[in-house]
Amino acid sequence: MSVDVAALMTQWRAGLVAGPVSMEALEPDGRLLNYHARRLSRPAAEVMGRLSRMGSGLDDVWPLPGVPMKTAGAMQPGVSAAHGPIRYELVAIDAGTRIEWRFTMELFQGRYEYVVTPDGAGAIVENVIDGRVSGDLVTLWPEAVGRLHDWIIEGVFDALDREPAPWFDLRKAALIR
């Protein structure tokens, strides 16, 4: 990328003071940085718990029921997941703070992560794609795929800022997966 990624991320994070942030840099060669951040009223532990159950039977945040996110097993490094044609593998899950995925597609390489930071009684949640698209995705990303991604992430953030589903009991979650 022709810009300093660390500097760009710092600049985008600073924008959170004014409200939710949704930013993107897509270079002509396909280098992609996509960033979303929002302050939530829900506690960080709850937010991280709900994110770590996305793709399971206890998922109450995925906003696109017609194209569900599905994991191939327990949330641990190496598990594969998908939604629609997008494929990825869990790289790391740091208790209470971060979930990192790696794209496993020929036309989409890089990483994708959620970061959760306590913020008073609430939390700050960030979603970052740092990667590269190639082939048809270089033109499809800004026209369609990227817009759908942005809509999904904002929907996830909306759900995270609401009360958990009435059936969502964190005390029993480990028993169900």
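Residues numbered from 1 in each chain as written. Predicted model: local features only at pLDDT ≥ 70, side-chain atom pairs only at ≥ 80, totals over all residues. Heavy atoms only, no water.

Undergrad: What should I look at first to understand the sheet that holds strand β5 (residues 86–94) in this one?
TA: Strands pair in a sheet through their backbones, by hydrogen bonds, and they do so in one of two ways: parallel or antiparallel. Pairing is antiparallel across the open sheet formed by eight strands, whose spatial order is β1-β2-β8-β7-β6-β5-β4-β3. The open sheet has two edge strands, β1 (21–26) and β3 (69–71), and neither has a second partner. Taken over all neighbouring pairs, the strand axes of this sheet differ in orientation by 20° on average, direction set aside. In the packing of helix α2 (residues 44–51) onto the sheet, contacts are made with β2 (31–40), β5, β6 (98–103), β7 (108–119) and β8 (122–133), and the angle to β7 comes to roughly 155°. With respect to the sheet, helix α3 (residues 137–160) is in contact with β1, β2, β7 and β8, its orientation differing from that of β2 by roughly 15°. (Pairing = 2+ DSSP bridges. Helix = DSSP H or I, 4+ residues; strand = E, 2+ residues; numbered from the N terminus. Axes fitted to C-alpha atoms, helices over the stretch in contact; angles between N-to-C directions. Contact = heavy atoms within 4.5 Å.)

Undergrad: Where do I start with the packing of α2 against α3 in this structure?
TA: How two helices sit against one another is set out by the angle between their axes and by the gap between those axes. Contact geometry of α2 with α3 gives a least axis separation of 10 Å together with a crossing angle of 130°. Judged by the inter-axis angle, α2 sits oblique to α3. As for the relative orientation of α2 and α3, their crossing is right-handed in sense. Contacts between α2 and α3 involve V47, R50 and L51 on the former and, on the latter, V156, A159 and L160. In the contact of α2 with α3, the residues fall into five nonpolar, no polar and one charged. (Parallel < 35°, antiparallel > 145°, perpendicular 65-115°, else oblique. Left-handed = near helix turned anticlockwise from the far one by under 90°. Nonpolar A, V, L, I, M, F, W, Y, C, P; charged D, E, K, R; others polar.)

Undergrad: What's the story with α3 in this structure? I'm lost.
TA: Three or four residues apart is the spacing at which side chains of an α-helix point the same way, because the helix has 3.6 residues per turn. With 24 residues, α3 extends just 29 Å between its outermost C-alpha atoms, more than 12% less than the 34 Å of an ideal straight helix rising 1.5 Å per residue. At V145, α3 shows its largest kink, close to 45°. Taken as a whole, α3 has its buried residues at L137, W141, G146, H149, I152, I153, G155, V156, F157, A159 and L160. As for α3, its buried residues are in contact with β1, β2, α2, β7 and β8. (Expected span 1.5 Å × (residues − 1). Bend = angle between axes of the 7 residues up to and from the residue. Buried < 20%, exposed > 50% of the residue type's maximum accessible area, 1.4 Å probe, protein only.)

Undergrad: I keep staring at the pairing of β1 and nothing clicks. Help me out?
TA: Remember that side chains alternate between the two faces of the sheet whenever the strand is regular. Two strands pair when backbone bridges link them, and β1 and β2 are joined in this way by six bridges, in the antiparallel orientation. Within β2, the position partnered with S22 by the bridge is H36. What sits between the antiparallel neighbours β1 and β2 is a turn of four residues, in which G30 has the positive phi angle 100°.

Undergrad: Sorry if this is basic, but what is going on with the side chain of R50 here?
TA: Inspection of the secondary structure assignment puts R50 in helix α2. Of note is the side chain of R50, whose polar atom sits 3.0 Å from the backbone oxygen of R162. (Polar contact = N/O pair within 3.5 Å; in protein donor to acceptor, adjacent residues only side chain to side chain.)

Undergrad: Sorry, what's going on with the pattern of salt bridges here?
TA: If charged atoms from side chains of opposite charge come close, those side chains can pair. By the definition in use, this model includes 15 salt bridges. For R42, the salt bridge goes to E46, with nearest N and O atoms at 2.8 Å. Among the residues examined, R42 registers a relative accessible area of 15% and is labelled buried. Overall, E46 belongs to the buried group, its relative accessible area being 12%. Connected through shared salt-bridge partners, R42, E46, R50, D60 and E163 make up one network. (Salt bridge = Lys/Arg side-chain N within 4 Å of Asp/Glu carboxyl O.)

Undergrad: Explain the nonpolar core here, please?
TA: When a protein is soluble and globular, its nonpolar side chains tend to lie buried together. Of all hydrophobic cores here, the largest spans 36 residues; its most connected members are L51, W101, F108, Y114, V156 and L160. Counting only elements with at least two residues in this core, the list comes to β2, α2, β5, β6, β7, β8 and α3. Ranked by residue count, the leading element in this core is α3, at eight residues. Dropping the residues within four chain positions of it, L160 is found in contact with L40, R42, V47, R50, L51, V61 and V125. Core analysis: the second largest hydrophobic core is formed by eleven residues, L8, W12, I124 and V128 among them. (Core = buried A, V, L, I, M, F, W, Y, C linked by side-chain atoms within 4.5 Å.)

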